[in-house]
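# Results of the structural survey
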Amino acid sequence: AVVSTQSTGDIVDLGKLVVCLSCNSLAAMHQNNLSKSSEMISSVYSQDVKMLLQHILQKSLQPKKVNDLMPLIGARFYAHIERLRQQCDRTEAELVKELEN
């Protein structure tokens, strides 16, 4: 029970960090700045980021787990991995050409 409470706290702290970084301000998480912070995040970042932060920061009786976040970021995560794979394939093809010369 202690570990799940600490894990939930870590995930909430991650959400707070993302809000502060997104707004480029440590004051972004202060209670009287939350609506401004939310508006700024909505105007600059994708709906996915806003949904992720809402999920992380909402009050819940259920312990929060990293695995619960994956459906929210999974598509972007896999798209990034695919771009990296393509870049690796291009680099490998260039190296093969150089070796053949």
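What you see is a predicted model, and the numbers here were worked out from it, not measured in a lab.

Across its full length, the protein chain carries four helices and zero strands. Listing every helix and strand of the protein chain by position from the N terminus yields α-α-α-α. Computed over the C-alpha atoms, the radius of gyration of the protein chain is 19 Å, more than 25% above the 13 Å expected from 2.2 N^0.38 for a compact globule of 101 residues. Dimensions along the principal axes, computed over C-alpha positions, put the protein chain at roughly 65 × 35 × 20 Å. Among the 101 residues that make up the protein chain, the fraction classed as buried is 17%. Within the protein chain, contacts between residues at least 6 apart in sequence are counted, and of these 40% link residues at least 24 apart.

Let's shift gears to the packing of helix α1 (residues 2-23) against helix α3 (residues 47-57). α3 packs onto α1 with a crossing angle of 140° between their chain directions and a minimal axis gap of 8 Å. Relative to α3, the element α1 lies oblique. When the axes of α1 and α3 are compared, the crossing they make is left-handed. Between α1, through Ile11, Val12, Gly15, Lys16, Val18 and Val19, and α3, the contact on the second element is made entirely by Leu53, Ile56 and Leu57. Here the contact of α1 with α3 is composed, by residue class, of seven nonpolar, one polar and one charged.

Now for unusual backbone geometry. A positive phi is found at Asn24, a non-glycine position, where the angle reads about 55°. Tracing the backbone through its elements, the reader meets Asn24 in the loop between α1 and α2 (34-44).

Here we come to the packing of α3 against helix α4 (residues 66-100). For any two helices packed against each other, one specifies the crossing angle of their axes together with the interaxial distance. In contact at an axis separation of 10 Å, α3 and α4 are set at 170° when each is read in the N-to-C sense. On the basis of the axis angle, α3 is roughly antiparallel to α4. Across from Asp48, Met51, Leu52, His55 and Ile56 in α3, the residues of α4 making contact are Asp68, Leu69, Leu72, Ile73 and Arg76.

Reading the values: the criteria
- Residues numbered from 1 in each chain as written.
- Predicted model: local features only at pLDDT ≥ 70, side-chain atom pairs only at ≥ 80, totals over all residues.
- Heavy atoms only, no water.
- Helix = DSSP H or I, 4+ residues; strand = E, 2+ residues; numbered from the N terminus.
- Rg over C-alpha atoms; globule rule 2.2 N^0.38 Å.
- Buried < 20%, exposed > 50% of the residue type's maximum accessible area, 1.4 Å probe, protein only.
- Contact = heavy atoms within 4.5 Å.
- Axes fitted to C-alpha atoms, helices over the stretch in contact; angles between N-to-C directions.
- Parallel < 35°, antiparallel > 145°, perpendicular 65-115°, else oblique.
- Left-handed = near helix turned anticlockwise from the far one by under 90°.
- Nonpolar A, V, L, I, M, F, W, Y, C, P; charged D, E, K, R; others polar.

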